[in-house]
Amino acid sequence: MKFLNFAENQTDPFLHLSLSDLAETLSNSDSEVQFAFHSYFRPPENLITVSHYWNDIFDGRQFDGMKSDIYLRALGNVHFTNFTDVDRYLSSLQNKPLRSFRKQLFALVEDMRIESLCILKRPGMSDAFKTRSALFQKRFRARLEVHNRQNQVIDSLFCAIYLQAIGKPVALGDNLATYKPYLRHLIAEIRKAKSTKDVAVLTTAFCDELSSDHADMTTEYLTMYGTAASSSAVVEDEQARELKSDDTMEATDKEDKETYDEEMNTWHEEQEQEGSNFLQFDLEEGAKSDLIGEGERKEESGDQAFVSVQGASKQSEGSQFDEEALLESRDTKAVASAQDPLGEANRNVREVIRHAEKPSGQDQDAYRTAKAEIQFAEKSLRTAIQKTIEQKQIAPRSDLHFGRLNRKLLRLLTDENPRLFYKKNAPSTKLDVTFSLLVDCSASMYDKMEETRLGITLFHETLKGLDIKHSITGFYEDAFDADDQEQPNTLFQVINYNRSTQPNEGPKIMQLEPEEDNRDGYAIRKAAEDLSERNEKHKILLVFTDGEPSAYDYSENGIVDTHEAVIQTRKKGYEVIGVFLSNGEPQEKEKNTMRNIYGTQSLVIPSANEIPAYLTPLLKRLLLRFV
């Protein structure tokens, strides 16, 4: 179990899933969406990245900015960019000056070209692109001032080109004044470019007019990848960018050194203060590190949670779409396909069935104590349900429009719409409902398992007293034996349906103990399979948990997989209710997490010792619906 750590900055997994669905819809392919330093499309991996720049936008425009990245890559690059021309252009930069500027300018002009095509094809994208333009205008204007102060001529020129292209021209310094005619011609020709090849020709012509005396750009704003899967002189693969030594870069004169003229700066784009920059230097030599090309670094376990679950949208049919409905409308077949009926994230799970042992004397004593504590709540709840059933069965059943004819026929003359029929009282029947209770047995339950067993005792005794079949199952994953090939997951069947209403089954509840990890999505799908074999009309699944799902290779996409399991189970007609056991007063983020997984059908209990107080009205509300 992973505790909900609300101090850490995590990417909302449902936001990531929404962007993944959007990308697949627009690209008509199984695209992978990740967050990275830059936004780009890499054809060999079918990878689309969203820039980290948008994570620092807190004024409500963050999602529009992220969508604009998806629009440009999934629709623009995939459908309108000719990557053969991209490869040809990038290869031509090998022996040319200002390589970084040439590459970034090519990416900028190509983005402008495909942006207009995206809006033409889907006018609904215009709002997101307007937001992108407004934010980038502010960003590049601020960066222009910084570059001017630091005398970074080519960086200043790049910012001026963007501002001029969006109709927000700025005055060029004396060192750039000679390029004004070329700049005006470039802006005019951008609107006329019809292909990637035109962009390459236009970019090359402009850059050839620049003096080779200028230093190349020191800042990475944009990047572009071709179709080459291996490294090249310009588009270097991450593996090719690893530094060659393990400990030191010292070498003797006899050793051959492989050097690059291109500098990889560690300056961060959000640094805008005037004066000398703290920790700003050119990393030309050094020991191995996680820094890789294009300003990115390899993702680490402590980074933001990048969900790996792919979206599963159908092909779009018009020029408009509703992004807010993506989560509810997506097809879950790709996630739980015929090959992965228990979810893609659980394809390597090995099921382990564990049955409760015969209760020991200690178990029986502990259960008697727990039963005594919840006896009053259980009895009052069961009595209320039984009285409601009896009242409905013995309620007057006369004055009906159909049934047996009443002997009092005078109302046939006195009433305009007489009710002359009645029905005999029907015999009392038990509720046509069954319950399944899943109990999170992860290690983090160690400080609340005793109180949890108390709530489970209330659950069992109430349903047994009403003769309602139910099951109680603990679930956990063996963290020590889990690896890439296999993840053992135990389903601890404490009480099964067939014996749930028999006496002396309750003490088995005392055998529930905190174990290791938890894979909630898998357990929910297995519980749904068991419910599908029941004949009752109404089927309800309760899940007791105390935090986010966490298991081997599951912590980052566990929320999404569990949400998918809940949606699939509800599509079968079963109710799924999540019961969150908090450590103290629940925070808003805890409530939001439960709502993200279970929707409105979730209950947050402030502390474990309040489980009976919260569980009693929940059971009463559920049972009275089926009386």
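Refer to the structure printed above.
Residues numbered from 1 in each chain as written. Predicted model: local features only at pLDDT ≥ 70, side-chain atom pairs only at ≥ 80, totals over all residues. Heavy atoms only, no water.

**Q** What should I look at first to understand the overall build of the protein in this one?
**A** In terms of regular secondary structure, the protein is built from 16 helices and 14 strands. Going through the 627 residues of the protein one by one, you find that 49% of them count as buried. Excluding contacts between residues fewer than 6 apart, the proportion of contacts in the protein whose partners are at least 24 apart in sequence is 75%. Accessible surface, the protein: about 31,100 Å² in total, of which carbon and sulfur atoms supply 47%. (Helix = DSSP H or I, 4+ residues; strand = E, 2+ residues; numbered from the N terminus. Buried < 20%, exposed > 50% of the residue type's maximum accessible area, 1.4 Å probe, protein only. Contact = heavy atoms within 4.5 Å. Areas by Shrake-Rupley, 256 points an atom, 1.4 Å probe, with all protein chains shown as cover.)

**Q** Honestly, the packing of helix H13 (residues 520-532) against helix H14 (residues 558-571) in this entry has me stumped. Any pointers?
**A** Close contact between H13 and H14 brings their axes to 7 Å; oriented N to C, the two are set at 15°. Our classification of the angle between H13 and H14 gives roughly parallel. The crossing of H13 and H14 is left-handed. Note on element contacts: H14 touches H13 through Asp561, Thr562, Glu564, Ala565, Val566, Gln568 and Thr569, opposite Asp520, Gly521, Tyr522, Ile524, Arg525 and Ala528. Per-class residue counts for the contact of H13 with H14 are five nonpolar, four polar and four charged. (Axes fitted to C-alpha atoms, helices over the stretch in contact; angles between N-to-C directions. Parallel < 35°, antiparallel > 145°, perpendicular 65-115°, else oblique. Left-handed = near helix turned anticlockwise from the far one by under 90°. Nonpolar A, V, L, I, M, F, W, Y, C, P; charged D, E, K, R; others polar.)

**Q** What should I look at first to understand the pairing of strand E13 (residues 575-581) in this one?
**A** Regular strands show a simple pattern: their side chains alternate between the two faces of the sheet. For E13, the buried fraction is high: seven of the seven residues fall into the buried class. A two-sided burial pattern is seen for E13, the buried positions comprising Glu575, Ile577, Val579 and Leu581 on one face and Val576, Gly578 and Phe580 on the other. In this sheet, strand E14 (residues 602-605) lies alongside E13 in parallel orientation, the contact comprising four bridges. The partner of glycine 578 across the bridge, within E14, is serine 602. (Pairing = 2+ DSSP bridges.)

**Q** It is not clear to me how a negative patch on the surface should be interpreted in this structure. Could you clarify?
**A** On the surface, Asp481, Asp483, Asp484 and Asp553 cluster together into a patch of negative charge. Considering the arrangement of structural elements, one finds aspartate 481 in the loop between strand E10 (470-477) and strand E11 (487-495). (Patch = residues over 30% accessible without salt bridge, like charges linked within 9 Å, V, L, I, M, F, W, Y side chains within 5 Å. Salt bridge = Lys/Arg side-chain N within 4 Å of Asp/Glu carboxyl O. Lys, Arg positive; Asp, Glu negative; His and termini not counted. Charge placed at Lys NZ, Arg CZ, Asp CG, Glu CD.)

**Q** Help me understand the packing of aromatic side chains, please; the structure alone is not making it clear to me.
**A** Geometry of an aromatic ring pair is reported as the spacing of the ring centres plus the angle between the planes. Tallied over the full model, the rule gives 15 aromatic pairs. When the centroid spacing of 4.3 Å and the interplanar angle of 20° are considered together, the rings of tyrosine 89 and phenylalanine 106 count as stacked. Of this pair, tyrosine 89 sits in helix H3 (residues 83-92) while phenylalanine 106 sits in helix H4 (residues 99-121), and the two are 17 residues apart along the sequence. The pair tyrosine 89 / phenylalanine 106 is uniform in exposure class, with both members buried. Site record: aromatic cluster; members linked through ring pairs are Tyr53, Trp54, Phe101, Phe136, Phe140, Phe158, Tyr162 and Tyr221. One residue, lysine 103, lies across the ring of tyrosine 225, its end atom 5.8 Å from the ring centre. (Phe/Tyr/Trp six-rings, centres within 6.5 Å; stacked < 30°, edge-to-face > 60°. Lys NZ or Arg CZ within 6 Å of the ring centre and 35° of its normal.)

**Q** Explain the nonpolar core here, please?
**A** Burial of nonpolar side chains together is a common tendency in soluble globular proteins. In this structure, Ile70, Phe101, Ile161 and Phe206 are the most contacted members of the largest nonpolar core, which totals 70 residues. For this core, the element with the most residues is helix H6 (residues 153-165), which contributes 10 residues. Excluding residues within four positions of it along the chain, isoleucine 161 makes contact with Phe101, Leu105, Leu108, Leu183, Leu186, Ile187 and Phe206. Within the second largest apolar cluster, 47 residues are counted, among which are Val439, Met449, Met510 and Ile540. (Core = buried A, V, L, I, M, F, W, Y, C linked by side-chain atoms within 4.5 Å.)

**Q** Which parts of the structure should I look at to understand helix H1 (residues 13-27)?
**A** Each α-helix turn comprises 3.6 residues. Residues three or four places apart therefore point the same way. The end-to-end C-alpha distance of H1 is 21 Å, a good match for the 21 Å that 15 residues give at a rise of 1.5 Å each. Of the residues trailing H1, asparagine 28 is marked for its positive phi of about 55°. (Expected span 1.5 Å × (residues − 1).)

**Q** Whenever I open this one, the pattern of salt bridges confuses me. Can you help?
**A** When charged atoms on two side chains of opposite charge get close, those side chains can pair. On inspection of all chains with the given rule, the structure shows 25 salt bridges. The shortest N-O distance in the salt bridge between lysine 448 and aspartate 447 comes to 3.3 Å. Judged by relative accessible area, lysine 448 falls into the buried class, the value being 2%. Between glutamate 461 and lysine 464 there is a salt bridge, with its nearest N and O atoms 3.5 Å apart. Of this pair, glutamate 461 and lysine 464 both sit in helix H12 (residues 449-465), three residues apart, which is roughly one turn of that helix. What emerges from the salt-bridge pattern is a single network uniting Glu351, Lys526 and Glu529.

**Q** Whenever I open this one, unusual backbone geometry confuses me. Can you help?
**A** Apart from glycine, the bulk of residues carry a negative phi angle, and the bulk of peptide bonds sit in the trans form. Phi angles above zero are rare outside glycine, and asparagine 504 is one such case at about 65°. In this structure, aspartate 553 is a non-glycine residue whose phi angle is positive, near 55°. Positionally, aspartate 553 belongs in the loop between strand E12 (538-545) and H14. We classify aspartate 553 as exposed; its relative accessible area is 67%.

**Q** What is the right way to read the packing of H12 against helix H16 (residues 611-624) from this model?
**A** When two helices pack together, you describe them by how their axes are tilted relative to each other and by the distance separating the axes. Contact geometry of H12 with H16 gives a least axis separation of 9 Å together with a crossing angle of 30°. As far as their axial angle goes, H16 and H12 are roughly parallel. The handedness of the crossing between H12 and H16 comes out as right-handed. Between H12, through Glu451, Thr452, Leu454, Gly455, Leu458, Phe459, Thr462 and Leu463, and H16, the contact on the second element is made entirely by Ile611, Pro612, Leu615, Thr616, Leu619 and Leu623. Here the contact of H12 with H16 is composed, by residue class, of nine nonpolar, four polar and one charged.

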